[in-house]
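Chain residues, written in single-letter form:
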Amino acid sequence: MLGARPSHERRSEMMLVDADLRSGNGPLGNVNGSAKEVAMRAVVYSHTGGPEVLRLVERPVREPGAGEVRVKMQVSGVNPTDWKARRGGPVGAELPFSELVPNQDGAGTIDAIGDGVPAGRVGERVWLWEAAWQRADGTAQELVVIPSRQAVRLADAASMDVGASLGIPALTAHRCLTVSELGPRKLTPGALHGQTVLVAGGAGAVGHAAIQLARWAGARVLSTVSNDEKARLALAAGAEHTVNYRTGEAPDEIRAAAPKGIDVIVEVAPARNAALDAAVVAPNGTVAAYATDGGSGLELNVRELMSRNLRYQFVLVYTVPGAAKDQAVADVAVAVADGALEVGEHVGLALHRFPLERMADAHDAVESGAVGKVLVDII
Ligand SMILES: NC(=O)c1ccc[n+]([C@@H]2O[C@H](COP(=O)([O-])OP(=O)(O)OC[C@H]3O[C@@H](n4cnc5c(N)ncnc54)[C@H](OP(=O)(O)O)[C@@H]3O)[C@@H](O)[C@H]2O)c1
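The structure displayed is predicted, hence computed values, not measured ones. (Residues numbered from 1 in each chain as written. Predicted model: local features only at pLDDT ≥ 70, side-chain atom pairs only at ≥ 80, totals over all residues. Heavy atoms only, no water.)

Let's talk about the overall build of the protein
Broken down by element type, the protein carries 11 helices and 15 strands. Buried residues in the protein amount to 56% of all 379 residues. (Helix = DSSP H or I, 4+ residues; strand = E, 2+ residues; numbered from the N terminus. Buried < 20%, exposed > 50% of the residue type's maximum accessible area, 1.4 Å probe, protein only.)

Considering helix α5 (residues 205-216)
The end-to-end C-alpha separation of α5 is 17 Å, in line with the 16 Å expected for 12 residues at 1.5 Å each. Among the 12 residues that make up α5, 10 are buried, leaving the element largely enclosed by the rest of the structure. Of the residues making up α5, those classed as buried are V206, G207, H208, A209, A210, I211, Q212, L213, A214 and W216. The inward-facing, buried residues of α5 abut α4 (167-177), β8 (196-200), β9 (220-225), α6 (228-237), β11 (262-267) and α10 (322-337). Of the residues trailing α5, G218 is marked for its positive phi of about 95°. (Expected span 1.5 Å × (residues − 1). Contact = heavy atoms within 4.5 Å.)

Quick look at the pattern of salt bridges
Enumeration according to the criterion identifies 24 salt bridges in this entry. In this structure, the salt-bridge partner of R41 is E142, at a minimum N-O distance of 3.3 Å. Separated by 101 residues along the polypeptide, R41 in strand β1 (residues 39-44) and E142 in the loop between β5 (125-128) and β6 (143-147) bring together distant segments of the chain. No difference in accessibility class separates R41 from E142, as the two residues are buried. Between R358 and D361 there is a salt bridge whose closest N-O contact spans 2.7 Å. There is no split in this pair, since R358 and D361 are both buried. (Salt bridge = Lys/Arg side-chain N within 4 Å of Asp/Glu carboxyl O.)

Quick word on the layout of surface pockets
A volume near 1,200 Å³ is recorded for the largest pocket. The wall of the largest pocket is formed by 43 residues, among which P80, V268, Y290, A291 and D293 lie closest to the centre. Those elements giving two or more residues to the lining of the largest pocket turn out to be α2 (80-87), α4, α5, β9, α11 (359-367) and β15 (373-377). Of the residues that constitute the lining of the largest pocket, the class distribution is 22 nonpolar, 14 polar and 7 charged. Looking at the second largest pocket, it is lined by 16 residues, and the ones nearest its centre are Y45, A85, L100, A132 and Q134. Considered class by class, the residues forming the lining of the second largest pocket number 10 nonpolar, 4 polar and 2 charged. (1 Å grid on protein atoms, 1.4 Å probe; cavity = no way out; pocket = protein on both sides within 12 Å on 5 of 7 lines; lining within 4 Å. Points joined across faces, edges and corners; volume = space filled by probe spheres on them. Nonpolar A, V, L, I, M, F, W, Y, C, P; charged D, E, K, R; others polar.)

Here's the deal with the sheet that holds β9
Read from one edge of the open sheet, 6 strands run β10-β9-β8-β11-β12-β13, paired in parallel fashion. Only two strands of the sheet have a single neighbouring strand rather than two, namely β10 (241-244) and β13 (311-314). Taken pair by pair, the neighbouring strands of this sheet meet at an average axis angle of 20°, ignoring direction. Examined bridge by bridge, strand β12 (residues 281-289) and β13 share 4 bridges and lie parallel to one another. Bridging across to β13, A288 finds its partner in Q313. Packing against the sheet, α4 makes contact with β8, β11, β12 and β13, and its axis sits at approximately 150° to β11. (Pairing = 2+ DSSP bridges. Axes fitted to C-alpha atoms, helices over the stretch in contact; angles between N-to-C directions.)

Brief notes about α11
Structurally, the α-helix is built with 3.6 residues per turn, so residues lying three or four positions apart point the same way. The buried fraction of α11 amounts to 8 of the 9 residues, a majority that puts the element mostly inside the structure. What α11 keeps buried is the set M359, A360, D361, A362, H363, D364, A365 and V366. Turning to α11, the residues buried within the fold contact β1, β3 (68-78), α2, β14 (351-355) and β15. Where α11 terminates, the next one or two residues include G369, which has phi positive at roughly 85°.

Structure (structure tokens):
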């Protein structure tokens, strides 16, 4: 558990605001504005850099425009993409916006709607995706105005913690599981029946979502890990079998567990694992590579891969084609309603919580390789 305040905290220059706002007694709390909200707390940054560029400020509350909803945030989820965007290039570099609120993922309740949005959406619990992608308005603030499409109904039984953990990890995992030639484009229970999936790094946030989604869709799921503790986490998420990729026996162990080969590899480290992947992927199988952990230069033996008609699919969640993104959002929402995408220690994804004013610590935790999910409580 990441309870201790890390050393960089001394560098943190977060500006604390009005005590009433911090304690939640400020002008917030109304639904659809009977007492009009005028100000809210937000974490922002104005130039790239380390966690110390994050500042807690007070901002005016914005009304949603046509096609938009306003979401009263409860939990913001932090992903590696959030600190990578914040660092994004040389320290002090210009940003596309004068002030940028970080974090793509989060969950909360719709408190106001713009023209063209059904009135029934007010009061709806939702999870957000890509809130900060090419926008200045991420989820690290009390009220987020966002296109209605990017605020998805959260199943009644699902917690806000689940909602804040979905966007980046689950949509990336969905893409990886739906790009093979012989596999489905849509995930439903049974859609991956008969397929064997290998999730590299099953104790990671994306790996965790991939294990859960693949299991929900009926696949056999194996996972690679670096140690026994991570094996325990991947098994708790639903993997049938784990293999330590750092031992020389990993290819033999995977082949023993899946003699016909792996149909889809959900790959976090394509360069480092290239030889392993080539050794275990089945004919007509797919390596879906979504990260460059361990290096971005990838050397492949084309003749060897060609002879088995293998497919390499590179995945960046932000630029997935629109129809595939819509399908992923819809399928993930159904999986959540089915209880298939849980979070917490008991399912192999420990939660590490921070209050809004410690957003810098939350970013630092992710950047330092926290095992599990880092969440920030907004209220
Ligand atoms: N392309 C996209 O759209 C997209 C979307 C989401 C995330 N990402 C990127 O994907 C990466 C992971 O994100 P995350 O949120 O899942 O991070 P995370 O929670 O830190 O998980 C990363 C996992 O990968 C494991 N790993 C590292 N090297 C490995 C290797 N050679 N073989 C197998 N496992 C390995 C790590 O454990 P060990 O080091 O102990 O093995 C860790 O469990 C980040 O770089 C992130 O920026 C990309």
